[in-house]
Amino acid sequence: MYKRQHQTYDDLAALIRAHDTGQGLGDHFDVRGFIRWAAVNTLLGAWDNYWRTPANYYLYNAGPASEPRGFMERPMFHWIPWDYDNALGLAYDDTTWQTADIVRWRDPGQLPLLDHVLANREHLLYYVAELERLVTERFNEDQVGRQIETLWAHISTAAYLESDTAHGAAHTGRQFTNDQVHWNGYKGQPLRRDSARTMGIQTWVRLRRQNVLEQISRLRNGVLR
């Protein structure tokens, strides 16, 4: 979705021309910001966005640096994602998101922006390097486990107040009981109801991290050699 800041669409037209020709995209679009988002998104397995639906993102025009009201410098367009409840192993079908391709998210031509960006060797190298940094520094069971412990201490009381009993329905209409939330979100047990299924967060992190490292190794020994 394009959020319009100006009275004409000339800047958007310039972005589209740069995208279609493959020249000067970085003059109109925060390419590296988009790549960093893509790296985080593929690690989280967040599919309810540009990856699969596609939905739940904005292309925001911050305006050129010469414009007094512009709050960000060029590149003028920035990628703003939102809505991340469908992630970390949550699915409504049999898709194995933990083994999804880190470069080809969908068939060629279905995600032209991602395809064009990662077709550039420099951009692909930056993307792979960002994935490697994240799985080394952030995306591992120890780091995520500590974050779960910290967050649970802050939200557990509020989470339990959503229902009068451990096994009762939540007042907010949440489909899972307090007991199920505890065992899945905090203790890491898998959960399934009808077509909805989710693995424990740390299980997801372990499986996705291992698969991403394997894919990176193949890229380093193949197209990036």
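Our subject is the structure that appears above.
Engineer: Before we move on, can you summarise the nonpolar core with the specific residues and values?
Structural biologist: Counting 47 residues, the largest nonpolar core has Phe29, Phe34, Tyr50, Trp79 and Tyr127 as its most contacted members. Where this core is concerned, the elements lending two or more residues are helix H1 (10-21), helix H2 (31-44), strand E2 (57-61), strand E3 (77-81), helix H3 (112-118), helix H4 (121-137), helix H5 (141-160) and helix H7 (201-221).

Engineer: Which residues make up the layout of surface pockets, and what values go with them?
Structural biologist: Roughly 1,000 Å³ of volume is contained in the largest pocket. Only H2, H5, helix H6 (178-186) and H7 provide two or more residues apiece to the lining of the largest pocket. Among the residues making up the lining of the largest pocket, the classes are represented as 21 nonpolar, 6 polar and 3 charged.

Engineer: I'd like a rundown of H6, residues and numbers included.
Structural biologist: Residues of H6 that are buried include every one of Asn178, His182 and Asn184, and no others. Where H6 is buried, its residues touch H5, strand E4 (191-193) and strand E5 (196-198). The first or second residue beyond H6 is Gly188, which carries a positive phi of 80 degrees.

Engineer: Break down the pattern of salt bridges for me, with residues and values.
Structural biologist: Note that side chains of opposite charge can pair when their charged atoms are close. One pass over the full model with this rule turns up 4 salt bridges. With a closest N to O distance of 2.7 Å, Glu130 and Arg133 form a salt bridge. Of this pair, Glu130 and Arg133 both sit in helix H4, separated by 3 residues, roughly a single helical turn. For Glu132, the salt bridge identified is with Arg220, shortest N-O distance 2.7 Å. Linking Glu132 in helix H4 with Arg220 in helix H7, this pair joins segments that are 88 residues apart in sequence. By relative accessible area, which is 27% here, Glu132 ends up partly exposed. Exposure remark for Arg220: the relative accessible area of 31% places this residue in the partly exposed category. Here the salt bridges share partners, and the residues they tie into one network are Glu130, Arg133 and Glu137.

Engineer: Any details on the packing of H4 against H7? Residues and values, ideally.
Structural biologist: Their axes nearest at 11 Å, the elements H4 and H7 cross at an angle of 145 degrees. Crossing geometry of H4 relative to H7 is assigned as left-handed. Residues Leu125, Val128, Ala129, Leu131, Glu132, Val135 and Thr136 of H4 lie in contact with H7, whose contacting residues are Arg209, Val212, Leu213, Ile216, Leu219 and Arg220. Looking at the contact of H4 with H7 residue by residue, the classes come out as 9 nonpolar, 1 polar and 3 charged.

Engineer: Explain the pairing of E2 to me, and be specific about the residues and the numbers.
Structural biologist: Of all 5 residues making up E2, 4 are buried, and the element is well covered by its neighbours. Examined bridge by bridge, E2 and E3 share 5 bridges and lie antiparallel to one another. Opposite Asn61, over in E3, you have Phe77 as the bridge partner.

Engineer: Explain H5 to me, using residue names and the numbers behind them.
Structural biologist: Bending of H5 peaks at approximately 45 degrees at the position of His154. In this structure, the buried side of H5 is in contact with H6 and H7. For H5, the N-terminal cap is Asn140; the gap from its side-chain oxygen to the backbone nitrogen of Asp142 is 3.3 Å.

About the cut-offs
- Residues numbered from 1 in each chain as written.
- Predicted model: local features only at pLDDT ≥ 70, side-chain atom pairs only at ≥ 80, totals over all residues.
- Heavy atoms only, no water.
- Core = buried A, V, L, I, M, F, W, Y, C linked by side-chain atoms within 4.5 Å.
- Buried < 20%, exposed > 50% of the residue type's maximum accessible area, 1.4 Å probe, protein only.
- Helix = DSSP H or I, 4+ residues; strand = E, 2+ residues; numbered from the N terminus.
- 1 Å grid on protein atoms, 1.4 Å probe; cavity = no way out; pocket = protein on both sides within 12 Å on 5 of 7 lines; lining within 4 Å.
- Points joined across faces, edges and corners; volume = space filled by probe spheres on them.
- Nonpolar A, V, L, I, M, F, W, Y, C, P; charged D, E, K, R; others polar.
- Contact = heavy atoms within 4.5 Å.
- Salt bridge = Lys/Arg side-chain N within 4 Å of Asp/Glu carboxyl O.
- Axes fitted to C-alpha atoms, helices over the stretch in contact; angles between N-to-C directions.
- Left-handed = near helix turned anticlockwise from the far one by under 90°.
- Pairing = 2+ DSSP bridges.
- Bend = angle between axes of the 7 residues up to and from the residue.
- Polar contact = N/O pair within 3.5 Å; in protein donor to acceptor, adjacent residues only side chain to side chain.

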